[in-house]
Every structure is written in structure tokens, then in C-alpha cells.
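# Structural overview
The residues making up each chain are set out below.
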Amino acid sequence: TGHVVAIALQEGTLGGAPPSTLTLQGLPELQGLFLVNTGLIGTLPPTYSGLKQLKALTLVGNMLSGSFPVAWTAGLKQLQLLNLARNQLTGELCI
């Protein structure tokens, strides 16, 4: 049986709010989520801390705003790459 370990979308393919973990919970082996210039709007989902296998998260060039979810600090223990450039995010993130 195959497992989805990475999702990569770019250039206006999504729009709207970032996918929640409810949407991604059927992908327990997900290690990489790359959503670049996809038109995402809103805040960073605190529920991404539930993606325990996530090693790389890239949400570059969207319209994300607000602060970093506190839950990320405790939940994203495997995270090795985080790229949130070209958004309107504020605050600090300690992972």
C-alpha cells in the first residue's frame, strides 16, 4: 500500500484558507507540505501541530497573516525546514 508523504502545489491552485488537519488527517505519513504562491488567505492553522511526521513546511508567497500558533512549538518535533517568506505574519516562533 502506498502512502502520501508529500504534497506540492503552486501558482494559484488553491485560494482561500490553508487546508486544516481535518483535511490532512487521512495522511498520517505526510512529511512535506509545499504550498507556494497558491493564494492562501488567513491565519496559520494551529492544528498543523498534529502532523507529527511533518519535516518540511513551505507556505511561501501567500497572503497569510497573524501570529504563529503556540501549538506549533510543542507539536512539530520533526520539523527541519520551515519557509513562510512573503506573507504578512507577525511575532516569533520557537521550534
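Quick caveat, the model's predicted, so the values are computed rather than measured. (Residues numbered from 1 in each chain as written. Predicted model: local features only at pLDDT ≥ 70, side-chain atom pairs only at ≥ 80, totals over all residues. Heavy atoms only, no water.)

### Thoughts on the overall build of the protein chain
Per the secondary structure count, the protein chain includes two helices and seven strands. Counting helices and strands in the order they occur from the N terminus, the protein chain gives β-α-β-β-β-β-α-β-β. Taken over the C-alpha trace, the protein chain has a radius of gyration of 12 Å; the compact-globule value for 95 residues is 12 Å, and the two agree within 12%. For the protein chain, the spread of C-alpha atoms along the principal axes amounts to about 40 × 30 × 20 Å. (Helix = DSSP H or I, 4+ residues; strand = E, 2+ residues; numbered from the N terminus. Rg over C-alpha atoms; globule rule 2.2 N^0.38 Å.)

### Thoughts on the sheet that holds strand β7 (residues 88-90)
Two orientations exist for strands paired in a sheet by backbone hydrogen bonds: parallel and antiparallel. The strand order across the open sheet built from three strands is β3-β5-β7, with neighbouring strands paired in parallel fashion. For this open sheet the edge positions go to β3 (41-42) and β7, each flanked by a neighbour on one side alone. The pairing of strand β5 (residues 63-67) with β7 spans three bridges and is classified as parallel. Bridged to Gly 66 within β7 is Leu 89. (Pairing = 2+ DSSP bridges.)

### Comments concerning the pairing of strand β2 (residues 32-36)
Relative to β2, strand β1 (residues 6-10) runs parallel, the two sharing five bridges. When the sheet's bridge partners are listed, Ile 7 is paired in β2 with Leu 33. Inspection of the sheet shows β2 paired to strand β4 (residues 56-58) by three bridges, in the parallel sense. Each bridged residue has a counterpart across the sheet, and for Phe 34 the counterpart in β4 is Thr 58.

### Points about the pairing of β5
With two bridges connecting them, β3 and β5 associate as parallel partners. Bridged to Gly 42 within β5 is Leu 64.

### Structural notes on the environment of Leu 44
Locating Leu 44 in the fold gives a position in the loop between β3 and β4. Spatially, the C-alpha atom of Leu 44 lies 15 Å from that of Ala 74, the residues being 30 residues apart in sequence. If we ignore the near neighbours within four places in the chain, the residues touching Leu 44 are Leu 59, Leu 64, Ser 65, Ser 67, Phe 68, Pro 69, Trp 72, Leu 84 and Leu 89. (Contact = heavy atoms within 4.5 Å.)

### Here's the deal with the sheet that holds strand β6 (residues 81-83)
Ordered in space as β1-β2-β4-β6, the four strands form an open sheet in which the pairing is parallel. This sheet does not close on itself; its edge strands, each paired only once, are β1 and β6. The mean inter-strand angle of the sheet, taken between neighbouring strand axes irrespective of direction, is 5 degrees. (Axes fitted to C-alpha atoms, helices over the stretch in contact; angles between N-to-C directions.)

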